[in-house]
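Given next are the chains, with one letter for each unit.
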Amino acid sequence: MDTSYKRVRTDLSKEDKMSLGSLEIDETHPIDIAEVLAEFHNWQFNRVDDDQLAMTIEDQWQKYSITLAWCGGDETLRLICTFELDPPEDRLSALYQTLNLTNDLVWCGSFSFWNDQKLMVWRYGLSLAGVQVASQAQIDKMIIEAVENSERFYPSFQLVCWGDNSPAQAMDIAMTKAYGRA
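Residues numbered from 1 in each chain as written. Predicted model: local features only at pLDDT ≥ 70, side-chain atom pairs only at ≥ 80, totals over all residues. Heavy atoms only, no water.

Participant: I tried to follow the confidence of the model for the chain on my own but got confused; where do I start?
Facilitator: As a note on interpretation, predicted positions should not be read in detail where pLDDT is low. Taken over all residues, the pLDDT of the chain has a mean of 85, while the share at 70 or more is 81%. Segment residues 1-12: pLDDT under 50, and 30 contacts once partners within four positions in sequence are set aside and those in other chains are kept. Segment residues 178-182: pLDDT under 50, and 1 contact once partners within four positions in sequence are set aside and those in other chains are kept. (pLDDT = per-residue confidence, 0-100. Contact = heavy atoms within 4.5 Å.)

Participant: Teacher, can you tell me more about unusual backbone geometry here?
Facilitator: Apart from glycine, the bulk of residues carry a negative phi angle, and the bulk of peptide bonds sit in the trans form. Residue Lys118 is not a glycine yet carries a positive backbone phi of 60°. Position of Lys118 relative to the elements: it lies in the loop between β5 (110-114) and β6 (119-127). Positive phi values are uncommon outside glycine, yet Asp164 reaches one of about 55°. Tracing the backbone through its elements, the reader meets Asp164 in the loop between α4 (136-162) and α5 (167-172). Asp164 sits in the exposed class, given a relative accessible area of 62%. (Helix = DSSP H or I, 4+ residues; strand = E, 2+ residues; numbered from the N terminus. Buried < 20%, exposed > 50% of the residue type's maximum accessible area, 1.4 Å probe, protein only.)

Participant: Just to check I follow, could you spell out the side chain of Thr76 for this structure?
Facilitator: Inspection of the secondary structure assignment puts Thr76 in strand β4 (residues 76-84). Only 3.1 Å separates the side chain of Thr76 from the backbone oxygen of Asp74, close enough to count as a polar contact. Setting aside residues up to four positions removed in sequence, Thr76 forms contacts with Ala69, Trp70, Cys71, Gly125, Leu126 and Ser127. (Polar contact = N/O pair within 3.5 Å; in protein donor to acceptor, adjacent residues only side chain to side chain.)

Participant: Would you mind going over the packing of helix α2 (residues 30-41) against α4 with me for this structure?
Facilitator: Packed helices, taken two at a time, are described by their axes: the angle between them and the distance between them. Between α2 and α4, whose axes approach to 10 Å, the crossing angle comes to 65°. Between α2 and α4, the angle is such that the two are roughly perpendicular. Note that α2 runs across α4; the crossing there is right-handed. In contact with Pro30, Ile33, Ala34, Leu37 and His41 of α2, α4 contributes Gln136, Ile139 and Asp140. The class makeup of the residues in the contact of α2 with α4 is 5 nonpolar, 2 polar and 1 charged. (Axes fitted to C-alpha atoms, helices over the stretch in contact; angles between N-to-C directions. Parallel < 35°, antiparallel > 145°, perpendicular 65-115°, else oblique. Left-handed = near helix turned anticlockwise from the far one by under 90°. Nonpolar A, V, L, I, M, F, W, Y, C, P; charged D, E, K, R; others polar.)

Participant: What is the right way to look at the nonpolar core in this model?
Facilitator: The nonpolar side chains of soluble globular proteins are, as a tendency, buried together. Judged by nonpolar contacts, the single largest core of 44 residues is most densely connected at Met55, Leu68, Leu79, Leu95, Met120, Ile143 and Phe157. For this core, the element with the highest residue contribution is α4, accounting for 11 residues. Setting aside chain neighbours within four positions, we find Leu95 in contact with Leu85, Pro87, Phe113, Met120, Phe157, Val160 and Cys161. (Core = buried A, V, L, I, M, F, W, Y, C linked by side-chain atoms within 4.5 Å.)

The structure is reproduced here in structure tokens:
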């Protein structure tokens, strides 16, 4: 296992949340904010250009490639989170049905499958029209939600592609978001 990647900290302690909230970010450009957050979380990242940041985050099921891009034309911060998925051709119809069921359960963002690239994709766009500024909490939540949703539905995608489960059966395994601590 490559140890250069860090796990997403979705179970931040009160002290961690306070220190995240106390980050002093003077920049208003959303990619500058995302870069500071990547450094804070020790996520591997690369500033592709002024308006784009790429990072890799490893969690329980996968390594997720995340790209944040600022589109000034429509004033939207776009997030794309991808992971590899190469299902058998005869299971694509079931996978697409599962994607429809999955997207019915999520409100912010959606999944799609890019067959040519063999990638499962989580997409989300944060509109900042009217000279709005994204907060560090908003961008942090976008990234964490992308990974959490990918983790939540990854087993369902696996079951429908290689377990010969029906889409409804595969969705039964989708983990719900846990609240509280044991």
